[in-house]
Amino acid sequence: MSDARSEVDEVDDLVVAWRRERPDLDTSPMEVLSRVDRLARHVDRVRAAAFSRHGLEGWEFDVLAALRRSGAPYRASPSALVRATGVTSGTMTNRVDRLVGRGLVRRDSDPDDRRSIRVELTPEGRATVDWALVDLLDAERELLAGLDAPGRTTLAAGLRRLLASYGDPA
């Protein structure tokens, strides 16, 4: 990895310009958040490409991944999926309907309460999310290739502290 002091990017250029034009302002937040914003755009593109290779949209991956993370038998209530994905119950109903239509999940009666349903991954849904996860992690690893392991650990810790200061991300 090269010395960070010798690397200059477009954010450095815009910060220098703002400092020249508005020396009365502290532009240091731009040095972090403008880079986070630009990185987020790269992450969005990489994730969309990884999901697309498996015929998925990001929201589909989110629901399938929530079910997969729940452990065998890869089943959850719609309300648990709402909590895991941060969407409304109406949105989740629509998403589950679409995933059922694609054969990636099925609805079953809750064995403990016949008035409730559970959403369960089908074998096809499990295989799809598993392969999409492999591609996603490969792509994300590539995005982080410019950082060594200690750098990734430090960045993760700093971002964790920053996000924790905001509480629940939803």
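Here, every reference points to the structure presented above.
Computed from a prediction, not measured in an experiment: that's the story for all the values here.

**Student:** Would you mind going over the packing of aromatic side chains with me for this structure?
**Tutor:** The way to describe two aromatic rings as a pair is by their centre distance and the angle between their planes. Applying the stated criterion across every chain yields a total of one aromatic pair. Seen from their ring centres, F51 and F61 are 4.5 Å apart, and the 20° between their planes marks the pair as stacked. A residue pair is termed long-range when its members are at least 10 positions apart, and F51 in helix α2 (residues 28-52) and F61 in helix α3 (residues 58-69) qualify at ten residues. A residue is classified by how much of its surface remains accessible, and F51, at 6% relative accessible area, is buried.

**Student:** Mind showing me how you'd approach the side chain of E60 here?
**Tutor:** Turning to its location among the elements, E60 is positioned in helix α3. Here the side chain of E60 touches E57 through a polar contact of 2.6 Å, landing on its backbone nitrogen. Discounting chain neighbours no more than four positions away, the residues touching E60 are G55, L99 and R102.

**Student:** When you look at the side chain of E120 in this model, what are you seeing that I'm missing?
**Tutor:** Tracing the chain through its elements places E120 in strand β3 (residues 113-121). Accessibility expressed as a relative area gives 10% for E120, which makes it buried. Separated by 3.1 Å, the side chains of E120 and R75 make a polar contact. In contact with E120, other than residues within four places in its own chain, are L67, P73, Y74, R75, L104, V105, R106 and D108.

**Student:** What exactly am I supposed to notice about a nonpolar patch on the surface here?
**Tutor:** A cluster of nonpolar side chains, namely V32, L33, V36, L144, L155, L159, L162 and Y166, defines an oily patch on the protein surface of about 720 Å² accessible area. When contributions to the nonpolar patch are tallied by element, the ones reaching two or more residues are α2 and α7 (149-164). With respect to the element layout, L144 can be found in the loop between α6 (123-143) and α7. Residue classification places L144 among the partly exposed positions, given a relative accessible area of 35%.

**Student:** What's the story with the environment of P123 in this structure? I'm lost.
**Tutor:** Within the secondary structure layout, P123 lies in helix α6. Looking at P123, the relative accessible area reads 66%, which means it is exposed. Measuring from C-alpha to C-alpha, the distance between P123 and G103 comes to 9.2 Å, with 20 residues separating the pair along the chain.

**Student:** Would you mind going over the packing of α3 against α6 with me for this structure?
**Tutor:** Two quantities define a packed helix pair, namely the angle between the axes and the distance from one axis to the other. Packing of α3 against α6 leaves a shortest axis separation of 10 Å and a crossing angle of 105°. When the axes of α3 and α6 are compared, the pair comes out roughly perpendicular. Contacts between α3 and α6 involve F61, L64, A65 and R68 from the former and G125, R126, V129, D130, A132, L133 and L136 from the latter. Among the residues forming the contact of α3 with α6, the class breakdown is seven nonpolar, one polar and three charged.

**Student:** Would you explain the layout of surface pockets in this entry?
**Tutor:** Rolled over the atoms, a probe sized like a water molecule indicates the empty space that remains. In this structure, the largest pocket occupies an estimated 1500 Å³ of space. Lining the largest pocket we find 34 residues, and of these R35, L39, L144, L147 and L155 sit closest to its centre. Among the secondary structure elements, those contributing two or more residues to the lining of the largest pocket are α1 (10-21), α2, α6 and α7. A per-element tally of the lining of the largest pocket places α2 first, with eleven residues.

**Student:** What am I meant to see in the pattern of salt bridges here?
**Tutor:** As a working rule, side chains carrying opposite charge can pair if their charged atoms are close by. Going through the model one piece at a time under the given rule, you end up with 17 salt bridges. A salt bridge links R35 to D12; the shortest N-O distance between them is 2.8 Å. Note that R35 is positioned in helix α2 and D12 in helix α1, a separation of 23 residues in sequence. A relative accessible area of 28% places R35 in the partly exposed class. The closest approach of N and O atoms between R106 and D108, which form a salt bridge, is 3.6 Å.

Thresholds applied
- The residue numbers shown here count from 1 along each chain, following its written sequence.
- Local features in this predicted model are restricted to residues of pLDDT 70 or higher, and side-chain atom pairs are both shown and tallied only at a pLDDT of 80 or more, whereas totals for entire chains, interfaces and linings draw on every residue.
- Water and hydrogen atoms play no part in the side-chain values, which are based on all heavy atoms of the structure.
- Between the rings of Phe, Tyr and Trp (Trp by its six-membered ring), a pair exists once the centres lie within 6.5 Å; its type follows the angle of the planes, with under 30 degrees stacked, over 60 edge-to-face, and the other angles tilted.
- Secondary structure is summarised from DSSP: a helix means a run of H or I of at least four residues, a strand means a run of E of at least two, and numbering begins at the N terminus for each.
- Exposure categories follow from relative accessible area, calculated using a 1.4 Å probe and restricted to protein chains: below 20% of the type maximum is buried, above 50% is exposed, and the middle band is partly exposed.
- Throughout this description, a polar contact denotes any pair of N or O atoms lying within 3.5 Å of each other; where both atoms belong to protein, one of them has to be capable of donating a hydrogen while the other can accept it, and for residues adjacent in sequence the pair is counted only when both atoms sit in side chains.
- In what follows, residue pairs with any heavy atoms lying within 4.5 Å of each other are defined as contacts.
- A patch consists of residues whose relative accessible area exceeds 30% and which take part in no salt bridge; residues with like charges are grouped when within 9 Å of each other, and nonpolar side chains (Val, Leu, Ile, Met, Phe, Trp, Tyr) when within 5 Å.
- We get accessible surface area from the Shrake-Rupley algorithm with a probe of 1.4 Å; when it comes to residues, only the shown protein chains can shield them.
- The term salt bridge refers to a side-chain nitrogen of Lys or Arg lying within 4 Å of a carboxyl oxygen of Asp or Glu.
- Interaxial angles span 0 to 180 degrees and are taken between N-to-C directions of axes, which are lines fitted to C-alpha atoms, for helices over the stretch in contact.
- Roughly parallel covers angles under 35 degrees, roughly antiparallel covers those over 145, roughly perpendicular covers 65 to 115, and oblique covers all other angles.
- When residues are sorted by character, Ala, Val, Leu, Ile, Met, Phe, Trp, Tyr, Cys and Pro go into the nonpolar class, Asp, Glu, Lys and Arg into the charged class, and all the rest, Gly among them, into the polar class.
- Lining residues are defined by having an atom within 4 Å of a point belonging to a cavity or pocket. Those points lie on a 1 Å grid over the protein atoms alone, cavities being sets where a 1.4 Å probe fits but cannot get out and pockets being open sets with protein on both sides within 12 Å along at least five of seven lines.
- Grid points are joined across faces, edges and corners, and a volume is the space filled by probe spheres set on the points.

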